[in-house]
Amino acid sequence: MAQTIAIVDYGMGNLRSVYQAFHHVAPDANVVIAHTPEEIISAERVVLPGQGAMPDCMKHLEESGLLEALLDAAKNKPLLGVCVGEQMLFDQSAEVRASANIAWTPCLGLIPGEVRRFELAGKLQPDGSAYKVPHMGWNQVRQDRQHPIWNGIPDLTSFYFVHSYYVVPQRKEDIAGSTEYGDWFTSAVARDNIFATQFHPEKSAEYGLKLYKNFVSWQP
């Protein structure tokens, strides 16, 4: 019987490219964009994508009615977070307001740590230009530890990024990959049955699709 891969749709972002990528790497799977708790509960694997501001993402996730099903799935099903979907896994996210004050948004609390905004004012890139926020474009990912999701993907492969915030795990052992942009930051995390990336595999050509394919066959 074909496995079901549920892509969680809580109203934040266009999921079509993620859906198409999984449909490509797992043509025999039942890939669904999950709008109901039942679709998450009945799936064998769960993908949590996302884009936008964290307060809005958490608000929409709670209002969608999918939160409890997602938290339940995260206990034992293979779960892949992408971009803001990675950031949501942590305890809290810093929202920097116009007043320069920081407001903390509670997140899912599945991985200890927090989410911070890039602070790159005054730093220059090797070519002399200023670092820009958001960090946008292709950048290398250093694999900080072995993991089945990295199988067949060379160390320092470039993936596609679009983000202004990044995760700061409390535990070093949760860090699966790092990227340099002004300084080194965590760009992939792994813990038990959870793997997540700050970059967008669906926008990262051959090796992005390879990562998704590895997730489809991963047995944590």
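The structure under discussion appears in the preceding block.
What you are looking at is a predicted structure, and each value in this text was computed from that prediction instead of being measured. (Residues numbered from 1 in each chain as written. Predicted model: local features only at pLDDT ≥ 70, side-chain atom pairs only at ≥ 80, totals over all residues. Heavy atoms only, no water.)

## Here's the deal with the overall build of the chain
Link 1 in the chain: Broken down by element type, the chain carries six helices and 13 strands.
Link 2 in the chain: Based on the C-alpha atoms only, the size of the chain along its principal axes is roughly 55 × 40 × 30 Å.
Link 3 in the chain: Burial status across the chain gives 51% buried among its 220 residues.
Link 4 in the chain: Residue pairs at least 24 apart in sequence account for 69% of intrachain contacts in the chain once pairs closer than 6 positions are excluded.
Link 5 in the chain: Just so you have it, the chain exposes about 10400 Å², and 49% of that area is on carbon and sulfur atoms.
Link 6 in the chain: Measuring between centres, the 18 positive side-chain charges of the chain sit 3 Å from its 25 negative side-chain charges. (Helix = DSSP H or I, 4+ residues; strand = E, 2+ residues; numbered from the N terminus. Buried < 20%, exposed > 50% of the residue type's maximum accessible area, 1.4 Å probe, protein only. Contact = heavy atoms within 4.5 Å. Areas by Shrake-Rupley, 256 points an atom, 1.4 Å probe, with all protein chains shown as cover. Lys, Arg positive; Asp, Glu negative; His and termini not counted. Charge placed at Lys NZ, Arg CZ, Asp CG, Glu CD.)

## A few points about the nonpolar core
Link 1 in the chain: Residues Phe22 and Met88 are the most contacted members of the largest nonpolar core, which totals 70 residues.
Link 2 in the chain: Ignoring anything within four residues of it in the chain, the contact list for Met88 reads Tyr10, Leu48, Met54, Cys57, Met58, Leu61, Cys107, Leu108 and Gly109. (Core = buried A, V, L, I, M, F, W, Y, C linked by side-chain atoms within 4.5 Å.)

## Notes on the pairing of strand S3 (residues 45-48)
Link 1 in the chain: Here S3 shows a buried face lined by Arg45 and Val47 and a second buried face lined by Val46 and Leu48.
Link 2 in the chain: Bridge analysis of strand S1 (residues 4-8) against S3 gives three bridges, and the strand direction is parallel. Looking at S3, one finds that Ala6 is bridged to Val46.
Link 3 in the chain: Examined bridge by bridge, S3 and strand S4 (residues 79-82) share three bridges and lie parallel to one another. When the sheet's bridge partners are listed, Val47 is paired in S4 with Leu80. (Pairing = 2+ DSSP bridges.)

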